[in-house]
Amino acid sequence: MNTGLRITAFAAAIVATFGTAYGVGASIDPVVAEKPPAAHDEHAEAGGEEAGEKAEGGHDGASGAAGGLQISEGGYTLALDTPRVAAGKPSTLRFSVKDDSGRSLTSYAREHGKELHFIVASRDLTVYRHLHPTRAADGTWSVAAKLPAAGGYRAFADFKPAGKGATGITLGADLAVSGRSEPAALPPVRATAEVDGYQVTLDGALTPGKAHELTLSVSRDGKPVTDLQPYLGAYGHLVALRAGDLAYLHVHPNGEPDDGVTEPGPEVSFTATAPSPGAYRLFLDFQHKGEVRTAAFTVDVPAAGAGESEEAEDSTESEESGSHGH
């Protein structure tokens, strides 16, 4: 494990909720990707979308704007028609993207095999769903969901309007899940996550303002998984959410299926930049044997220079120890 990956045991609960509470994200430094890999201009969804659907550009936070902190941006507004649902019960979430004139957007550019990606996460970051809604002719999106815990949630719509020169946008809106709410502490940080018998190990470091590679390795029963299946045109998708304001970053892996270089596991790598110190949750979606699974990690990003100071101290102690031996 890269010693640069700094980890804390717990972070404080993010938002105290009561009844059908809403959490409000504070706007602070944005999460940004260093740069989207050029190889990821084309994506296709496994088992459904046609390969070769090319997206013009992409939205990976490379512009420096925080994703998902605003309900309106760039002339578009996320209108959540289902602002509250009941905990533990099947529900249908409905929403639309409105333009400045109040009309629902009906023309989208396809990115990663979809016109729009919809993410729902609880404010305490213990619940995460990457959903795939369908769009009606009038621009209304809908998707089935069952959210297990009551409390405040954030819904993210990640999309790009069709048209030359359009850029990717991530909008966010608060969603309340009714029921008895007991916000949890941020899950502890561990280098390995377990999901449905799979083990996913995270290796790498995040430092404010500097690009770093994160490598996630997938294994099962102690054996590396070398036959990962493409999911939305990639061997893995990583979403990062910053604790506190839930600033959003959808990062794509370094490489793609059939590029002649990228292997179908066990490793999937990403390059990303953390904009600030603090706690982050990373959610990796990967597909194997026809089923998509999500591995989640908590990562603590130390203040810039903190690691360097500690390394310098370690080096000094080592030198002093060595001098005593002569």
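On a predicted model such as this, the values are computed, not experimentally measured, just so you know.

Visitor: What am I meant to see in the overall build of the chain here?
Guide: Summing up its helical and strand segments, the chain has one helix and 19 strands in all. Relative to its 326 residues, the chain shows a buried fraction of 47%. Pairs at least 24 apart in sequence give 70% of the contacts found in the chain among residues at least 6 apart. Element-wise, carbon and sulfur atoms account for 48% of the exposed surface of the chain, whose accessible area totals about 14,700 Å².

Visitor: Is there a simple way to think about the sheet that holds strand β19 (residues 291-301) in this case?
Guide: Within a sheet, adjacent strands bond to each other through the backbone by hydrogen bonds, running parallel or antiparallel. The antiparallel open sheet is built from four strands, whose spatial order is β16-β15-β18-β19. Of all strands in the sheet, those with a lone pairing partner are β16 (248-251) and β19, marking the two edges. Neighbouring strand axes in the sheet, compared pairwise and without regard to direction, differ in orientation by 20 degrees on average.

Visitor: Would you mind going over the pattern of salt bridges with me for this structure?
Guide: Close approach of charged atoms allows side chains with opposite charge to pair. Per the counting criterion, the structure on display carries eight salt bridges. The salt bridge involving Glu-182 is made with Arg-180; its shortest N-O contact spans 3.4 Å. Take Glu-182 and Arg-180: they sit in the same class, and that class is exposed. Salt bridges sharing partners connect three or more residues here, namely Arg-123, Arg-154 and Asp-174.

Visitor: How do you make sense of the packing of aromatic side chains when you look at a structure like this?
Guide: The way to describe two aromatic rings as a pair is by their centre distance and the angle between their planes. Under the defined criterion, the tally for this structure stands at eight aromatic pairs. Aromatic side chains Tyr-108 and Trp-141 sit 5.4 Å apart centroid to centroid with 80 degrees between the ring planes, which places their arrangement in the edge-to-face category. In this pair, Tyr-108 is assigned in the loop between β4 (91-99) and β5 (116-122) and Trp-141 in strand β8 (residues 141-145), connecting sequence segments 33 residues apart. For Tyr-108, a relative accessible area of 7% gives the class buried. Three or more aromatic residues link up through ring pairs in this structure, and these residues are Tyr-76, Phe-95, Tyr-108, Phe-118, Trp-141 and Phe-159.

Visitor: So what exactly am I meant to see when it comes to the layout of surface pockets here?
Guide: The rolling of a water-molecule-sized probe over the atoms marks out the regions of remaining empty space. Space inside the largest pocket adds up to approximately 320 Å³. What lines the largest pocket is a set of 24 residues, and nearest its centre among them are Ala-193, Glu-194, Arg-281, Ala-296 and Phe-297. Within the residue set of the lining of the largest pocket, elements represented by two or more residues are β6 (128-131), β11 (192-195), β18 (278-288) and β19. It is β19 that contributes the most residues to the lining of the largest pocket, eight residues altogether.

Visitor: So what exactly am I meant to see when it comes to unusual backbone geometry here?
Guide: What you tend to see is this: most non-glycine residues have negative phi, and most peptide bonds are trans. With an omega dihedral of 0 degrees, the bond running from Gly-265 to Pro-266 counts as a cis peptide bond. Look at Leu-125: it is not a glycine, yet its phi comes out positive at around 65 degrees. Examined against the element boundaries, Leu-125 turns out to sit in the loop between β5 and β6. Even without being glycine, Leu-246 reaches a positive phi, approximately 60 degrees. Secondary-structure assignment places Leu-246 in the loop between β15 (237-242) and β16.

Visitor: It is not clear to me how the pairing of strand β12 (residues 198-204) should be interpreted in this structure. Could you clarify?
Guide: Remark: a regular strand shows side chains that alternate across the two faces of the sheet. The buried fraction of β12 is high, at five of seven residues. Summarising the sheet, β11 and β12 pair through four bridges and their orientation is antiparallel. Bridging across to β12, Ala-193 finds its partner in Val-200. Counted between consecutive antiparallel strands, the loop separating β11 from β12 contains two residues, among which Asp-196 sits at a positive phi close to 50 degrees. Two elements, β12 and strand β13 (residues 211-220), share seven bridges in a ladder whose sense is antiparallel. Note that in β13 the partner of Thr-201 across the bridge is Ser-217. Hairpin remark: β12 followed by β13, antiparallel, with six residues in the connecting loop; positive phi at Gly-209, about 80 degrees.

Visitor: It is not clear to me how the confidence of the model for the chain should be interpreted in this structure. Could you clarify?
Guide: The predicted coordinates of low-pLDDT regions are not to be read in fine detail. Counting all residues, the mean pLDDT for the chain is 79, and 73% of those residues have values of 70 or more. Across residues 1-65 the pLDDT falls below 50, and counting only partners more than four positions away or on other chains, this stretch makes 169 contacts in the model.

Visitor: Would you explain the sheet that holds strand β2 (residues 76-80) in this entry?
Guide: In space, the five strands of this open sheet follow the order β1-β2-β4-β8-β7, with antiparallel pairing throughout. Both outer strands of the open sheet, β1 (72-73) and β7 (134-135), are each paired with one neighbouring strand and no more. Inspection of the sheet shows β1 paired to β2 by two bridges, in the antiparallel sense. Residue pairing for β2: Ser-72 is matched across the bridge by Thr-77.

What counts and what doesn't
Residues numbered from 1 in each chain as written. Predicted model: local features only at pLDDT ≥ 70, side-chain atom pairs only at ≥ 80, totals over all residues. Heavy atoms only, no water. Helix = DSSP H or I, 4+ residues; strand = E, 2+ residues; numbered from the N terminus. Buried < 20%, exposed > 50% of the residue type's maximum accessible area, 1.4 Å probe, protein only. Contact = heavy atoms within 4.5 Å. Areas by Shrake-Rupley, 256 points an atom, 1.4 Å probe, with all protein chains shown as cover. Pairing = 2+ DSSP bridges. Axes fitted to C-alpha atoms, helices over the stretch in contact; angles between N-to-C directions. Salt bridge = Lys/Arg side-chain N within 4 Å of Asp/Glu carboxyl O. Phe/Tyr/Trp six-rings, centres within 6.5 Å; stacked < 30°, edge-to-face > 60°. 1 Å grid on protein atoms, 1.4 Å probe; cavity = no way out; pocket = protein on both sides within 12 Å on 5 of 7 lines; lining within 4 Å. Points joined across faces, edges and corners; volume = space filled by probe spheres on them. pLDDT = per-residue confidence, 0-100.

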